[in-house]
Amino acid sequence: MAENIGRNEPCPCGSGKKYKKCCGAKEAVSITQVIENEMDDLQKKLLHFALDHYEEEIYQGLDEYEEYFEIEDEERQFYEFVYTVWFSLFNELEAGGTILENFISSEAGRIKRTKLKQILQSWTDARAIAGEILEVENNKLIVVDGFSSERFEAIVTNAQRSFDVGSFFMGILLPFNEKYVFFPAPFELPDLPVYHAIDYIKQKSLIADYESPQEFLTEFFMEIMVDLTKIGGMVEIDNMEWQLPVYKEVAELFKRRMESLGELPPTVDVGIILWFQFCQKKPKRIKKPNLYAASLHYLMTLFNDLVSPMTQKEIAKLYGVPVGSLSSTYIEMDDELEEDIKRIIELSYEEDELDNHHTLPINPLQGPMPTEQAMHEALAEIQGHNFESVEEINDFLNKKLMNQSPKKAARTNKERAQQLVYDAMDVQGPKRYKLAEEAISINPNCVDAYVILFENSTSLQEALMLSEKAMKIGEKELGKAFFVENKGHFWGLLETRPYMRAKAQYADALYQLGKLPEAIQQYEEILVLNTNDNLGARYILFALYLDKAELFKAEKLLKQYEEETAYGLYNKVLLELLKNGLSTKAARILKEAKKQNPNVIPFLTGKKRLPKHMPEFHSWGDVNEAIIYVDAHLHLWKQIEGLQEWLVKH
């Protein structure tokens, strides 16, 4: 830096004139430049203030990030610096307030320039930002916020490097008159496509159940900054051992289409992995690569909530293939990859299976499972790793889903409430309901907390009120557009599950109160929203149709969900008996049903009495399955004259 020269001293240029009448007269330093320099000094003072007064709090928080960051030693100083800035601006201290607010209280009285004091006080409106660099002129940048599309003019004090137009960046902006100043300099990732980075943050915020990606960015600025250095493709198509060139062609086509839609590379890679496994399991002579790429794309939209939802018709048009061919090829692929999909998404609980037409409604209102929490994290977790082979990815997924790592402490009221709900699902008795009530006190919109309190209702009217309230909250949280876009496969999207549980409870309360038409409407809507019917609504709906003598609808429902279980087969018998009496056809169907589960007959004939408490578990063909079935349908069987003798005879 040049030495300061007095205005009355000789000019260093050698002219013999005083500095103020020579070169000094040519320099016109604007007040803006003065304030910029003073702001740079204020930033430095803030950091010194933070470390002088709150070093213990800062490093205690930083230590908690150590395992997460896994940064190299040479990068540590940089991350410590950024963390100190972020912590000082946005984290509230135990005693209240932030480090920045305490610094303003300490420093504002010492600042003589009114404008500078106002600027310092405006720093409480600091904002985290992620977006694109649009223009660069010296140390001035024009940037656009990736979430709000707002444009900002910001300066970088003491800029020692250049920035690239079109690059993705993250940073923290401090108000500066009508403009902003970066603190510290923007963190730039020129090789990361802007839409990939923004979509990644948006998807992570949805998984974390945040109301806005901006709030999520502010809360998890450091984690996101580290994550974004790692996201990208995990496997290279060229490095995979494809049995035929056309298999590789399908993978490349699928990848190009997904990337053109802005899907994240790790999500695309999951599809490529599944396609690779399909090719190994079922080698085929493929004449239309577009058809298989389209079918893989549709498969991903159904089981992976990180993929933008699209209809078969939309995907068929995108790839230029017939809808009918796409549908049949998708079914073939889905059947072959069923176990692989389950390993990626979840490993247990029959009611959570992706193609689960054989789930019995033992407890269709069951709350979140440990695997449901894991589903929020499994695919997101693999995005932070650089795998070199399919085998490494599979090993990671198996370890991740089988051995859950400790969860980070909840940071928002919404997160804290949801964690209390998960805790409540692990216990029984008063503690369960106390945790649910505590969750509601923290977040009145916690749908699953009302779902739990439904179980402890003292009357059917109270149960109806609680479930209706939870359902309406869920509807509002999801939004009308969500229902239109995702109709048909709701349960596969994790954010819908609290709402679906509440809706099932509401339907059950209506049923118990004798409001059958209203209950029927709710169960029908459940099936429209989720045709896979993971909650078992079809079983209760079938009984309701028979209660209302709507035999045509009951028959249509049986055909839609045809299955070789006690429910499927004995309901065929029941429907035939109600339609045509003690017919030969009914006797033939009964013979098939008895082969599947002979334990049903003694309960229907009265030789065995139903227990007071329903079993919690069952297996196909066992006595528990028989008990659950008969308990729900015995009143319908009793309507048939001469049933006892006919059952004994056949």
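No experiment lies behind these values; they were computed from the predicted model shown. Residue indices begin from 1 for each chain and proceed along its sequence in written order. For this predicted model, a pLDDT threshold of at least 70 governs which residues receive local features, and a threshold of 80 or more governs which side-chain atom pairs are given and counted, while totals over whole chains, interfaces and linings are taken from all residues. Where side-chain values are given, they derive from all heavy atoms of the structure, hydrogens and water being excluded.

Peer 1: I keep staring at the nonpolar core and nothing clicks. Help me out?
Peer 2: Side chains of a nonpolar character, in soluble globular proteins, are inclined to be buried together. If you look at the biggest cluster of nonpolar residues, it comprises 88 residues, and the most contacted ones within it are Y523, Y570, W637 and W646. Ranked by residues supplied to this core, first place goes to helix 24 (residues 537-547) with nine residues. Apart from residues no more than four positions distant in its own chain, Y523 is found in contact with A504, A507, D508, A537, I540, L541 and L544. Listed in part, the 58 residues of the second largest apolar core include F49, W86, L89 and I224. Side-chain atoms within 4.5 Å are what join buried Ala, Val, Leu, Ile, Met, Phe, Trp, Tyr and Cys residues into a set we call a nonpolar core. For each residue, the accessible area found with a 1.4 Å probe, counting protein chains only, is set against the maximum for its type, and the residue is called buried under 20%, exposed over 50%, and partly exposed in between. Note on conventions: DSSP H or I runs of at least 4 residues are helices, E runs of at least 2 residues are strands, and numbering of each starts at the N terminus. We call two residues in contact whenever any of their non-hydrogen atoms come within 4.5 Å of each other.

Peer 1: Explanation requested: the packing of aromatic side chains in the structure shown.
Peer 2: The criterion for an aromatic pair is that two Phe, Tyr or Trp rings (for Trp, the six-membered ring) have centres within 6.5 Å, with stacked assigned to planes under 30 degrees apart, edge-to-face to planes over 60 apart and tilted to the rest. Throughout the structure, instances matching the rule amount to 21 aromatic pairs. Residues Y247 and W275 carry aromatic rings whose centres are separated by 6.2 Å and whose planes lie at 90 degrees to one another, so their mutual orientation is edge-to-face. With Y247 in helix 9 (residues 245-260) and W275 in helix 10 (residues 265-281), this residue pair connects regions lying 28 residues apart in the sequence. Overall, Y247 belongs to the buried group, its relative accessible area being 1%. Look at Y570 and Y629: their rings are 5.9 Å apart centre to centre, the planes differ by 35 degrees, and that puts the pair in the tilted class. Of this pair, Y570 sits in helix 26 (residues 566-580) while Y629 sits in helix 29 (residues 623-637); the two residues are 59 residues apart in sequence, bridging distant segments of the chain. Grouping residues by exposure puts Y570 and Y629 together as buried.

Peer 1: Can you help me understand helix 20 (residues 460-478) in this one?
Peer 2: Given 3.6 residues per helical turn, the α-helix brings residues three or four places apart onto the same face. Expected helix span is computed as 1.5 Å times (number of residues minus one). Counted at 1.5 Å a residue, the expected span for helix 20 with its 19 residues is 27 Å, and the 27 Å between its end C-alpha atoms agrees. Of all the positions in helix 20, only A463, L464, L466, S467, A470, M471, I473, G474 and L478 are classed as buried. Tucked inside the fold, the buried residues of helix 20 contact helix 19 (447-454), helix 21 (480-486), helix 22 (497-512) and helix 23 (516-529). Of the residues flanking the end of helix 20, it is G479, one or two places downstream, whose phi is positive at about 90 degrees.

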